[in-house]
Amino acid sequence: RNIFYSTFGFFGIILNFIIFSVVSVYLLKDFNIIAQKIKTIFPLSKKDQAIGILSKVNHNLRCFLRGQLLICLILSLIYSIGLTVTGIPLSFLIGFIAGFGNLIPHVGTGTGIVLASVLALFQFHDFTHIVYVLLTFGIGQMLEGIVITPRIMGKGLGLSPAMVILAILICSQLFGFLGLLLAVPIASTAKVFI
C-alpha cells in the first residue's frame, strides 16, 4: 500500500509539473490578449483603479520571478563552492543543476544530492564524502529556507520574512505541491488586494 501511494504521489508531482508548464506556456503566449480582455471587463468609473491594482500585482509577480532567479543563482554558488571544497568532480555543473533545479522545490536538491553522491562514491570509494555532500546540501537548504528566501522575497515584494515563511507553510498545507510553488505570489497578490 505504501509503494502504491508513493508511486501515485511521484506521478502526481510529475503530472502537476507538466500541467503547470503547459498552462504557463499558453498564458505567456496569450498574455497581452488576456490583459486587454480583462481591462474591458471593468466599468469605466472603476477602470483606472482596477488597472492600478493589476499593475501592482504585475510588479509583484515580476519581483517574485527576479527574486526566484537570484535565489537559484545564490544556491548554485553555495552548492558549487561546497562541492568543490569536498573535492567532487564536476562540482560547478552539479551546483548549477541543483541551484536552478530549485525553481521546482526539492527537485534541484534531490537531483544534486544523487548526482554528487554517485560521483563521490565513484571518485573516493567511501561514504565520508557522501556525508560531506549531504552536509553541503543541508547547509544550502537551511540557509535558503531561513535566510535567503525570506530576505530576498520579502524585500522585493514588501513582505516581511515571517510572512513569506508563513505563506509557504499555509499554502503548502492547503494546496500541496502547487501551493508550495505559488505561495509567495499568492501572498503578494493578497497583500495588494488587502
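Below or above, wherever it landed, is the structure these notes cover. It should be emphasised that the depicted structure is a prediction, and the values quoted were computed from it without experimental measurement.

Further remarks concern the overall build of the protein chain. Regarding its fold elements, the protein chain presents eight helices and zero strands. For the C-alpha atoms alone, the extent of the protein chain along its principal axes is close to 70 × 40 × 30 Å. Across the 194 residues in the protein chain, those meeting the buried criterion constitute 30%. Partitioning the intrachain contacts of the protein chain with sequence separation of at least 6 by distance along the chain shows that 59% fall at a separation of at least 24. Put simply, the protein chain shows about 12,500 Å² of open surface, and 75% of that area lies on carbon and sulfur atoms. Charge centroids of the protein chain, computed over 12 positive and 4 negative side chains, lie 13 Å from each other.

Turning our eyes to something else, we now look at the side chain of Ser188. With respect to the secondary-structure elements, Ser188 resides in helix H8 (residues 177–193). A distance of 3.0 Å separates a polar atom in the side chain of Ser188 from the backbone oxygen of Pro185. Beyond its immediate sequence surroundings of up to four residues, Ser188 is in contact with Asn60, Leu157 and Leu159.

Turning our attention to the layout of surface pockets. By volume, the largest pocket is sized at about 2,000 Å³. Phe20, Leu61, Phe64, Leu182 and Pro185 are, among the 50 residues lining the largest pocket, the residues nearest its centre. Among the elements of the structure, helix H1 (2–29), helix H2 (31–41), helix H3 (47–86), helix H6 (128–157), helix H7 (161–175) and H8 are those that each provide at least two residues to the lining of the largest pocket. Considering each element in turn, the lining of the largest pocket owes the most residues, 13 residues, to H3. Taken together, the residues of the lining of the largest pocket sort by class into 34 nonpolar, 13 polar and three charged. Reported here for the second largest pocket is a volume of approximately 180 Å³. Considering the residues around the second largest pocket, the lining is formed by Leu159, Met163, Leu166, Ala167, Ile170, Cys171, Ala183, Ile186, Ala187, Ala190, Lys191 and Ile194.

In total, this model carries one salt bridge according to the counting rule given. Across the pair Lys29 and Asp30 runs a salt bridge, and its minimum N-O distance is 3.7 Å. Residue classification places Asp30 among the partly exposed positions, given a relative accessible area of 26%.

Right, let's talk about the nonpolar core for a bit. Counting residues in hydrophobic clusters, the biggest one holds 22 residues, and the most contacted among them are Leu83, Ile88, Ala116, Val133, Phe137, Met153 and Leu157. Counting residues per element, the ones that place at least two in this core are H3, helix H4 (91–101), helix H5 (107–124), H6, H7 and H8. Residues contacting Leu83, with those up to four places away along its chain left out, are Ile88, Ser91, Ile94, Gly95, Ala116, Val133, Thr136 and Phe137.

Thresholds applied
Residues numbered from 1 in each chain as written. Predicted model: local features only at pLDDT ≥ 70, side-chain atom pairs only at ≥ 80, totals over all residues. Heavy atoms only, no water. Helix = DSSP H or I, 4+ residues; strand = E, 2+ residues; numbered from the N terminus. Buried < 20%, exposed > 50% of the residue type's maximum accessible area, 1.4 Å probe, protein only. Contact = heavy atoms within 4.5 Å. Areas by Shrake-Rupley, 256 points an atom, 1.4 Å probe, with all protein chains shown as cover. Lys, Arg positive; Asp, Glu negative; His and termini not counted. Charge placed at Lys NZ, Arg CZ, Asp CG, Glu CD. Polar contact = N/O pair within 3.5 Å; in protein donor to acceptor, adjacent residues only side chain to side chain. 1 Å grid on protein atoms, 1.4 Å probe; cavity = no way out; pocket = protein on both sides within 12 Å on 5 of 7 lines; lining within 4 Å. Points joined across faces, edges and corners; volume = space filled by probe spheres on them. Nonpolar A, V, L, I, M, F, W, Y, C, P; charged D, E, K, R; others polar. Salt bridge = Lys/Arg side-chain N within 4 Å of Asp/Glu carboxyl O. Core = buried A, V, L, I, M, F, W, Y, C linked by side-chain atoms within 4.5 Å.

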